[in-house]
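# Fold and geometry: a report
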Amino acid sequence: MSQTNPDAVIRTLSPVSAEAVQEARIRIAGTVVRTPLVRFNVNTGTNEVFLKLENLQPIGSFKLRGATNAMAIAGREALKDGVYTASAGNMAQGVAWCAREFGVKCRVVVPDNAPKAKTDAVERLGGEVIKLPFDDWWQTIVNHGRPGVPGLFVHPFADVHVMAGNGTIAAEIFDDVTDVDAILVPYGGGGLVCGIAAAASVLSPRTKVYAVEVEDAAPLTASLSAGVRTAITRRASFVDGIGSGGVSEEMWPLAQQLLAGTVVVSVAEVAAAVRLLAERANVVAEGAGAAAVAAALSGKVKEQRVVSIVSGGNIDLDKLALILQGGVPQ
């Protein structure tokens, strides 16, 4: 039986509390890696840049944090019919990893352009992959589920428990370095940046949190500029983990309330950041994972001490090889 009722979708979310983040930190400690924060030794001319290496999570992405917290809170009775999510790949892996730990069935709804590296990883973890056209996949996210798919739906971003798990990243950052002026976070659905910003607003109110988007897939920037949620024409790129045609209804108020603004980078700048991370820091990042680094290197961020969230490292090897040779995947 599907535990989804689109008519009952809650359209407003409150920022996660500091207490919820600290409780999540304890709850996920046995599953999630406390990832390192390292200085990125490049000369930007203006910034001191640190990297929060979420690509080192067991699934290669921060998504394990939110998935673990949400499923642990739901409990085994709620998971008896299995679990599913809608994801381009990384949340799918997070939910699949946790489902394997819980011993329950996992299904994931992915867009038909989802990277093979990510869908293969889901299948290795025992998850069933359901491919849909991008618009149908996105509608599953909007509706908080899909008719006919059994189990508990774990939303990839618009869920307070998922955001609390994501907020543990901020708690770790402020444990490791003081006087952080800005945190740069890739913006996909908004659950990562809003979770981090909510935690930062309590733990370090002076720290600004910026969402990073890529050109031709920057609905938050367009919406903030217009003052209302604004649909855009999205152009697909190898930066597949972020970017959509619009801002989620639930996340829009939180983004307005919590974020200092956005930084937009080009696809070429992201590719250059992927290459530089490999050359200078021995870090493998996917497109979305390198977007915040591209923002730090762009000269558009004026704050001095900056943390870039390297959100994931799940990139197809052929794309990585092309980038390392100086190209930009189409």
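Given the structure is predicted, the values throughout are model-derived calculations rather than measurements.

Rules of the game
Residues numbered from 1 in each chain as written. Predicted model: local features only at pLDDT ≥ 70, side-chain atom pairs only at ≥ 80, totals over all residues. Heavy atoms only, no water. Buried < 20%, exposed > 50% of the residue type's maximum accessible area, 1.4 Å probe, protein only. Helix = DSSP H or I, 4+ residues; strand = E, 2+ residues; numbered from the N terminus. Pairing = 2+ DSSP bridges. Salt bridge = Lys/Arg side-chain N within 4 Å of Asp/Glu carboxyl O. Arc of directions from axis to C-beta. Contact = heavy atoms within 4.5 Å. Disulfide = S-S within 2.5 Å. Axes fitted to C-alpha atoms, helices over the stretch in contact; angles between N-to-C directions. Parallel < 35°, antiparallel > 145°, perpendicular 65-115°, else oblique. Left-handed = near helix turned anticlockwise from the far one by under 90°. Nonpolar A, V, L, I, M, F, W, Y, C, P; charged D, E, K, R; others polar.

This next bit is on the pairing of strand β3 (residues 48-53). Within β3, 6 of the 6 residues are buried, which leaves it mostly tucked inside the rest of the structure. Alternating positions in β3 separate into two faces, Glu48, Phe50 and Lys52 on one and Val49, Leu51 and Leu53 on the other, with burial throughout. In this structure, strand β2 (residues 37-39) lies alongside β3, joined through 3 bridges in antiparallel fashion. Within β3, the position partnered with leucine 37 by the bridge is lysine 52. Where β3 lies against strand β11 (residues 305-310), 6 bridges are found, and the strand directions are parallel.

Attention now goes to the pattern of salt bridges. Evaluated as defined, the whole model comprises 19 salt bridges. Notably, a salt bridge pairs aspartate 175 with arginine 34, separated by 3.6 Å at the nearest N-O pair. Of this pair, aspartate 175 sits in helix α6 (residues 160-176) while arginine 34 sits in the loop between α1 (18-27) and β2, and the two are 141 residues apart along the sequence. A salt bridge links lysine 319 to aspartate 316; the nearest nitrogen and oxygen atoms lie 3.9 Å apart. Here the residues in one salt-bridge network are Arg25, Arg34, Asp175 and Asp176, joined through shared partners.

Within the span of helix α9 (residues 251-258), buried status applies to Met251, Trp252, Leu254, Ala255 and Leu258. Considered in projection along α9, the buried side chains sweep an arc of 165 degrees and stay on one side of the axis. Close packing links the buried residues of α9 with α6, α7 (191-203) and α8 (219-226).

What follows concerns the state of the cysteines. Counting across every chain of the model gives 0 disulfides. A disulfide-free cysteine, cysteine 106 has its sulfur positioned 9.3 Å from the sulfur of cysteine 98, the nearest such atom. Judged by relative accessible area, cysteine 106 falls into the buried class, the value being 3%.

Strand order in the open sheet formed by 6 strands is β2-β3-β11-β8-β9-β10, and the pairing between neighbours is mixed. Strands at the two margins of the open sheet, each flanked by one partner only, are β2 and β10 (261-265). On average, adjacent strands in this sheet sit at an angle of 30 degrees to one another, irrespective of strand direction. One ladder, built from 5 bridges, connects strand β8 (residues 182-186) with strand β9 (residues 208-214); its direction is parallel.

Turning our attention to the packing of α6 against α7. Axis separation between α6 and α7 bottoms out at 7 Å; the angle between their running directions is 50 degrees. In terms of orientation, α6 lies oblique with respect to α7. Note on packing geometry: the crossing formed by α6 with α7 is right-handed. Residue-level inspection shows Met163, Asn166, Gly167, Ile169, Ala170, Ala171 and Phe174 of α6 in contact with α7, the latter providing Gly191, Leu192, Cys194, Gly195, Ile196, Ala199, Ala200 and Leu203. Looking at the contact of α6 with α7 residue by residue, the class counts come to 11 nonpolar, 4 polar and no charged.

Bringing the environment of alanine 231 into the picture now. Counting through the fold element by element, alanine 231 comes out in the loop between α8 and α9. Along the primary structure alanine 231 and leucine 220 are separated by 11 residues, whereas in three dimensions their C-alpha atoms are 9.3 Å apart.

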